[in-house]
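# Summary of structural features
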Amino acid sequence: MTPSEPPSIRTTVAQLDPVLGDVQANRETIEATLARARAHQSDLVVFPELFLTGYHIGDEPAQLTREATQALEAIREQTADIACVVGTPTLEDGEIYNSAVVLEDEAVKGTYHKTHLYADEHDIFTPGDRFPTIETSLGTLGVEICYDLEFPEVARALAVDGIDLLLTMSANMHPHAHDQQLYHGTRAIENSVPHVLCNRVGAERGVDFFGKSGIVDRRGQQVLGLGADVEETTSATIEMQPDRTHIHDYLEQRRPEIYDS
């Protein structure tokens, strides 16, 4: 981080249940959440995977993606003094992606396309093929989406490229709560980077999403933990310049020249 960047980031985790197919309702929820977070002096708000549309968009992916694109324009105008990460389908060169869009200063700061698609997501989305780092006033952010969390290469690639904060947005379902908990802390400690995870809740077409979102510090210690199976929007402060004297410098001590890919 540069000296001008903040020593801490007040972060709101929006563990919510979107309305499948109702982009307008989900946009209004995002805007209301941003307003509340702003009133509580939050710097950053993280929403779940595909929050603008709901998860199962297979019946009308093109139409919902067009609606989501228009909704993002309206949400962007609400980010003059706060940053947010929104889960949404996006359209690029005729392909639909499962994306995370980072907004700040009424601008799109960056977009990440999910690289590891899960199950029948392959029938709708094109997989991304890169791990961009995203520059904001809060520092350099790295974003991954749900199933990406289970592949350590994603977070490691972002960490090697110098991120200050790792963000994971999810639509993770029962019975994978234990897996999520393990990966959440592990990705932080192995890369020495704080990790915010926002998972949705609610039931959608027979799938139950469990929540249990939270924040861990660079040692994998819990800073914020949200409940299971309940909508909850909660904030916590992430210390970005902690004492590093007792932290193993895994990134510096790597030996990539002997690793097989």
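Above this text is the structure in question.
Report follows, based on the coordinates. Only a predicted model underlies this, so the values are computations on that prediction, with no experimental measurement involved. (Residues numbered from 1 in each chain as written. Predicted model: local features only at pLDDT ≥ 70, side-chain atom pairs only at ≥ 80, totals over all residues. Heavy atoms only, no water.)

### Digging into the sheet that holds strand E8 (residues 165-170)
Taking strand neighbours across the sheet as the criterion, the six strands line up as E6-E7-E8-E9-E12-E13 in an open arrangement whose pairing is mixed. Since the sheet does not close on itself, it has two edges, and those belong to strand E6 (133-136) and strand E13 (222-225), each with one partner. Neighbour-to-neighbour, the strand axes of this sheet turn through a mean angle of 20 degrees, independent of strand direction. As paired strands, E8 and strand E9 (residues 195-199) are joined by five bridges and run parallel to one another. Bridging from a neighbouring strand, Leu 166 pairs with His 195 of E9. Across the sheet, helix H3 (residues 152-160) touches E6, strand E7 (139-145) and E8, and the angle it forms with E7 is around 170 degrees. Where helix H4 (residues 177-191) meets the sheet, its contacts fall on E8, E9 and strand E12 (214-216), and the angle it forms with E9 comes to roughly 155 degrees. (Pairing = 2+ DSSP bridges. Helix = DSSP H or I, 4+ residues; strand = E, 2+ residues; numbered from the N terminus. Axes fitted to C-alpha atoms, helices over the stretch in contact; angles between N-to-C directions. Contact = heavy atoms within 4.5 Å.)

### Some details on the nonpolar core
Core analysis: the biggest nonpolar cluster contains 30 residues, and Ile 30, Leu 34, Val 45, Phe 47, Leu 52, Cys 84 and Val 86 have the highest contact counts within it. Contributing elements (two or more residues each) for this core: helix H1 (23-39), helix H2 (61-76), strand E3 (83-92), strand E4 (95-104) and strand E11 (207-210). Element by element, the count of residues in this core is highest for H2, at five residues. Beyond its immediate sequence surroundings of up to four residues, Cys 84 is in contact with Leu 34, Leu 44, Val 45, Phe 47, Ile 75, Thr 79, Val 101, Val 102 and Leu 103. Ranked by size, the runner-up nonpolar core spans 26 residues in total, among them Val 13, Val 46, Tyr 112 and Cys 146. (Core = buried A, V, L, I, M, F, W, Y, C linked by side-chain atoms within 4.5 Å. Buried < 20%, exposed > 50% of the residue type's maximum accessible area, 1.4 Å probe, protein only.)

### Some points on the packing of H1 against H2
A pair of packed helices can be characterised by two numbers: the angle between their axes and the separation between those axes. Put simply, H1 and H2 touch, their axes get as near as 10 Å, and they point 25 degrees apart. One element, H1, and the other, H2, form an angle in the roughly parallel class. The way H1 lies across H2 gives a crossing that is right-handed. Listed contacts from H2 to Val 23, Arg 27, Ile 30, Glu 31 and Leu 34 of H1 are Leu 64, Glu 67, Ala 68, Ala 71, Ala 74 and Ile 75. Here the contact of H1 with H2 is built from residues that sort into eight nonpolar, no polar and three charged. (Parallel < 35°, antiparallel > 145°, perpendicular 65-115°, else oblique. Left-handed = near helix turned anticlockwise from the far one by under 90°. Nonpolar A, V, L, I, M, F, W, Y, C, P; charged D, E, K, R; others polar.)

### Some remarks on the packing of aromatic side chains
Scanning the model with the defined rule gives four aromatic pairs in all. One aromatic cluster in this structure is built from Tyr 118, Tyr 147 and Phe 151. (Phe/Tyr/Trp six-rings, centres within 6.5 Å; stacked < 30°, edge-to-face > 60°.)

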